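Coordinate analysis (summary)
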Amino acid sequence: MNEFRVYALRYAVRDARRGEHFHGYDADAGLPHPTSYYVWLAVSEKHTVVVDTGIGRTRARGVEGLDYRTSPVEAVAALGVPADSVDHVVLTHLHYDHTGTAREFTSARYVLQRAELDYWTGPWADRITRERRLLNADDLAHLLAAREDGRLTLVDGDADVVPGLSVHLVGGHTAGMQVVRVNTARGDVVLASDAAHFYENLEDDRPFPILHSMTGMYGAFDRIGRLAGGPHLVVAGHDPEVLERFPRLGPDVAVISG
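Residues numbered from 1 in each chain as written. Predicted model: local features only at pLDDT ≥ 70, side-chain atom pairs only at ≥ 80, totals over all residues. Heavy atoms only, no water.

A word on the packing of aromatic side chains. The tally for this structure, following the rule as stated, stands at six aromatic pairs. Geometrically, the ring pair formed by Y11 and Y68 is edge-to-face, given 5.9 Å between the ring centres and 75 degrees between the ring planes. Taken as a pair, Y11 in strand β1 (residues 5–14) and Y68 in strand β4 (residues 66–68) lie far apart in primary sequence, 57 residues in all. Classification of Y68 by relative accessible area gives buried; the value is 18%. (Phe/Tyr/Trp six-rings, centres within 6.5 Å; stacked < 30°, edge-to-face > 60°. Helix = DSSP H or I, 4+ residues; strand = E, 2+ residues; numbered from the N terminus. Buried < 20%, exposed > 50% of the residue type's maximum accessible area, 1.4 Å probe, protein only.)

Quick look at the structure:
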């Protein structure tokens, strides 16, 4: 009853360079290294959970080089899941490419780490100007309104969201970065999101360059390994290879566990 079917839904791609994706000097920094943009869907007998909500259509027009193939809401609906049937939306962190369509899941309860919200709304918020470009102010305002309406659950550390699906604070990429562990027929799947953008980040023990804490990134890598039922059950956050490591249901949908 508590087992989930899990899907990775790619809604956009962007041409990029290796230097954008790995911390430190790399002689191959100028080589092409494409990135994919996903949201994740987990469905059990009793619950429908979306993990992250991608980039909204309007914001996508301002992202240079982005090939925006469909909205995340449309990608979820294409699997027979209308937005208003989703009961929980887990936001792994508050960067704009993970919060952009949250408001369209009108029946969902949002789940976020308190540390993440505190970082963006606390005493340092007006001074982290370099990072503010990664936050969509309208998305944040919506979540703050949802908190007032009782639709935002703030967690401190590890927590069960619904039976069979839990969140785990790892930090590293952002102050309140969390990953999601899902019970499936294949074992425990970990949706790493931006705790591990690419499998190469994990396999070569090399952090992504946008980070809140270097040691936190390494700790996140270790925690992902402990939480997953095996390396084959880790789903990287932006890696095109997700669609090669798992069976496909169409060109932009990977079946992590069906």
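In this structure, the largest pocket spans a volume of roughly 450 Å³. If you go around the largest pocket, you meet 21 residues; those closest to its centre are R14, Y37, Y96, L134 and I210. Listing elements by their share of the lining of the largest pocket, those giving two or more residues are β2 (35–43) and α3 (96–99). In this structure, the second largest pocket encloses a volume near 170 Å³. (1 Å grid on protein atoms, 1.4 Å probe; cavity = no way out; pocket = protein on both sides within 12 Å on 5 of 7 lines; lining within 4 Å. Points joined across faces, edges and corners; volume = space filled by probe spheres on them.)

The next point concerns the pattern of salt bridges. By the definition in use, this model includes twelve salt bridges. For D67, the salt bridge goes to R69, with nearest N and O atoms at 3.5 Å. Under the relative-accessibility criterion, D67 is labelled partly exposed at 37%. Across the pair R245 and E203 runs a salt bridge, and its minimum N-O distance is 3.0 Å. You can see R245 sitting in helix α9 (residues 242–245) and its partner E203 sitting in helix α7 (residues 199–203), a full 42 residues away along the chain. Judged by its relative accessible area of 35%, R245 is partly exposed. Given a relative accessible area of 52%, E203 falls into the exposed group. The network of salt bridges with shared partners includes R10, D67, R69 and D252. (Salt bridge = Lys/Arg side-chain N within 4 Å of Asp/Glu carboxyl O.)

Once that is clear, we can look at the nonpolar core. Ranked by size, the top nonpolar core spans 42 residues in total, and within it L9, L41, I55, L66, V89, L94 and F105 carry the most contacts. Residues contacting L94, with those up to four places away along its chain left out, are T99, L112, E116, L117, W120, L134, L135, L140 and L143. Ranked by size, the runner-up nonpolar core spans 28 residues in total, among them V111, V189, V235 and F246. (Core = buried A, V, L, I, M, F, W, Y, C linked by side-chain atoms within 4.5 Å. Contact = heavy atoms within 4.5 Å.)

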